[in-house]
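Working through the structure, step by step
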Amino acid sequence: RPFSVGVLDMAPPPLPSGRAMRLSADLLAFQDRLGHKFRQPALLLRAVTHASISSPTRPDNQRLEFLGDRVLGLVMAEALLVADAQATEGQLAPRFNALVRKETCAEVARDIGLGDVLKLGRSEMMSGGRRKEALLGDAMEAVIAAVHQDAGFDAARTLVLRLWRDRIGTVAPDARDAKTALQEWAQARGMQPPAYTLTGRDGPDHQPRFTVEVRLDNGAAETASAGSKR
């Protein structure tokens, strides 16, 4: 379909007259935890619907995730400018990245019990999808977009600032991730970028644990284990 400039209606088609959609008990409870009562409940249902259970009449949350990522980014950029009026772009960028990355979105999702209400296909559910960082992070962005579509940007901003408030206030002044910090340290000393090698993996598929070694030009090396390679 040709793209046309204008407001894109991302909400599902309206239900037939006289059949107002009602949220299930678990989504009503989640709505209370979220702190936003949806005028269009179908948006919330779409935001928590994973592709593994979607159908032509039950769209997944991927398009909402796309929008939510951008809404979150704008809100965080504004919040960081307000929080530190003297910071340079080089100082703000790593703080921004720390606040909008998928891991942080997943942490916020866990805070509000989003995993408990995700609508997943059987295979995804059996593999521990409710605890997967990527699924939680994507769904959190989709929920932000759902609020934006339901009540506008100001409502989405209010939601994000409330859910991220403590993280905005405590983000490290130098919030570079460890990989970036080590690479810059090595390059400043005339070394090549560090080399990373996956040396082990254990645990079940839904909760793997990876061991990775990092090695510098000068032979110095270290290993660490965590629930993700990153």
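What comes next concerns the included structure. All values derive from a computational prediction rather than experimental measurement. Numbering of residues starts from 1 in each chain and follows the order in which that chain's sequence is written. At least 70 in pLDDT is required for a residue's local features to be given in this predicted model, at least 80 for side-chain atom pairs to be given and counted, and no such filter applies to totals for whole chains, interfaces and linings, which use all residues. Based on all heavy atoms of the structure, the side-chain values leave hydrogens and waters out of the count.

1. Some points on the overall build of the chain
The number of helices and strands found in the chain is nine helices and three strands. The linear arrangement of helices and strands in the chain, starting from the amino end, is α-α-α-α-α-α-α-α-α-β-β-β. Expressed as a percentage of its 230 residues, the buried residues of the chain come to 37%. We call two residues in contact whenever any of their non-hydrogen atoms come within 4.5 Å of each other. Excluding contacts between residues fewer than 6 apart, the proportion of contacts in the chain whose partners are at least 24 apart in sequence is 56%. The protein chains shown are the only cover counted for residues, whose accessible areas, like all others here, come from Shrake-Rupley with a 1.4 Å probe. Looking at the chain as shown, the accessible area adds up to about 13700 Å², and 53% of this sits on carbon and sulfur atoms. By definition, any uninterrupted DSSP run of H or I lasting at least four residues is a helix, any uninterrupted run of E lasting at least two residues is a strand, and each is numbered from the N terminus. Classification of residues uses two cut-offs on accessible area relative to the type maximum, computed with a 1.4 Å probe and protein chains only: under 20% is buried, over 50% is exposed, and between them is partly exposed.

2. Observations regarding the sheet that holds strand β1 (residues 195-202)
Taking strand neighbours across the sheet as the criterion, the three strands line up as β1-β2-β3 in an open arrangement whose pairing is antiparallel. Unpaired on one side and paired on the other, β1 and β3 (221-226) mark the two borders of the sheet. With strand direction ignored, the average angle separating the axes of adjacent strands in the sheet is 20°. Strands are labelled as partners when DSSP assigns at least two bridges between them. Taken together, the six bridges between strand β2 (residues 209-215) and β3 define a ladder with antiparallel strand orientation. Its bridge partner lying in β3, Arg215 is registered against Ala221. Every axis corresponds to a line fitted to the C-alpha atoms, with the helix fit spanning only the stretch in contact, and the corresponding angles, defined between N-to-C directions, vary from 0 to 180 degrees.

3. Here we look at the pattern of salt bridges
Salt bridges are defined by distance alone: a side-chain nitrogen of Lys or Arg within 4 Å of a carboxyl oxygen of Asp or Glu. Considering all chains together, one arrives at 13 salt bridges under this definition. The partner of Lys102 in a salt bridge is Glu65, and the shortest N-O contact between them spans 3.7 Å. In this pair, Lys102 sits in helix α5 (residues 102-111) while Glu65 sits in helix α3 (residues 62-83), placing the two residues 37 residues apart along the sequence. Here Arg157 ties to Glu78 by a salt bridge, and the two come within 3.4 Å at their closest N and O atoms.

4. Some points on the environment of Ser52
Within the secondary structure layout, Ser52 lies in the loop between α2 (41-47) and α3. With 72 residues separating them along the chain, Ser52 and Glu124 place their C-alpha atoms 6.9 Å apart. Those residues in contact with Ser52 that lie beyond four places of it in its chain are Leu120, Gly121 and Glu124. In the analysis that follows, any N or O atom pair within 3.5 Å is treated as a polar contact, provided that within protein one partner can donate a hydrogen and the other can accept it, and provided that, for residues neighboring in sequence, both atoms belong to side chains. A distance of 2.8 Å separates a polar atom in the side chain of Ser52 from a polar atom in the side chain of His50. Of the polar contacts made by the side chain of Ser52, one reaches the backbone nitrogen of Gly121; its length is 2.7 Å.

5. A look at the nonpolar core
Counting 48 residues, the largest nonpolar core has Leu34, Met76, Leu114, Met140 and Trp164 as the members making the most contacts within it. Per-element accounting of this core gives the leading share, 10 residues, to helix α7 (residues 133-151). For this analysis, a nonpolar core means a set of buried residues of the types Ala, Val, Leu, Ile, Met, Phe, Trp, Tyr and Cys, connected via side-chain atoms within 4.5 Å.

6. Looking at the side chain of Glu141
Looking at where Glu141 falls in the secondary structure, it is placed in helix α7. The residues touching Glu141, leaving out its near neighbours within four places in the chain, are Leu64, Glu65, Gly68, Asp69, Val100, Lys102 and Cys105.

7. Focus: the environment of Leu198
By secondary structure assignment, the location of Leu198 is in strand β1. Through-space distance from the C-alpha of Leu198 to that of Thr223 is 9.5 Å; in sequence the pair is 25 residues apart.

8. Concerning helix α8 (residues 153-170)
Here the expected length of a helix is defined as 1.5 Å per residue gap, with one fewer gap than residues. Here α8 contains 18 residues, and its C-alpha end-to-end distance of 25 Å stays within 8% of the 26 Å for a straight helix at 1.5 Å per residue. Within α8, the axis deviates most sharply at Trp164, by approximately 65°. When α8 is considered as a whole, its buried residues turn out to be Ala156, Leu159, Val160, Leu163, Trp164 and Ile168. Against the buried residues of α8 lie α1 (25-34), α3, α4 (89-100), α5 and α7. The angle between axes fitted to the seven-residue stretch ending at a residue and the seven-residue stretch beginning at it gives the bend at that residue.

9. What about the packing of α5 against α8?
The contact between α5 and α8 brings their axes to 11 Å, and the two run at 125°. As summarised for this structure, α5 and α8 are arranged oblique, according to the angle between their axes. For the pair α5 and α8, the sense of crossing is right-handed. The residues of α8 that touch α5, namely those facing Thr104, Cys105, Glu107, Val108 and Asp111, are Leu163, Trp164 and Arg167. These descriptions rest on fixed angle ranges, namely under 35 degrees for roughly parallel, over 145 for roughly antiparallel, 65 to 115 for roughly perpendicular, and the rest for oblique. Here is the rule for handedness: rotate from the far helix to the near one, and if that takes an anticlockwise turn smaller than a right angle the crossing is left-handed, while a clockwise turn gives right-handed.

Coordinates in, geometry out; function isn't part of it.
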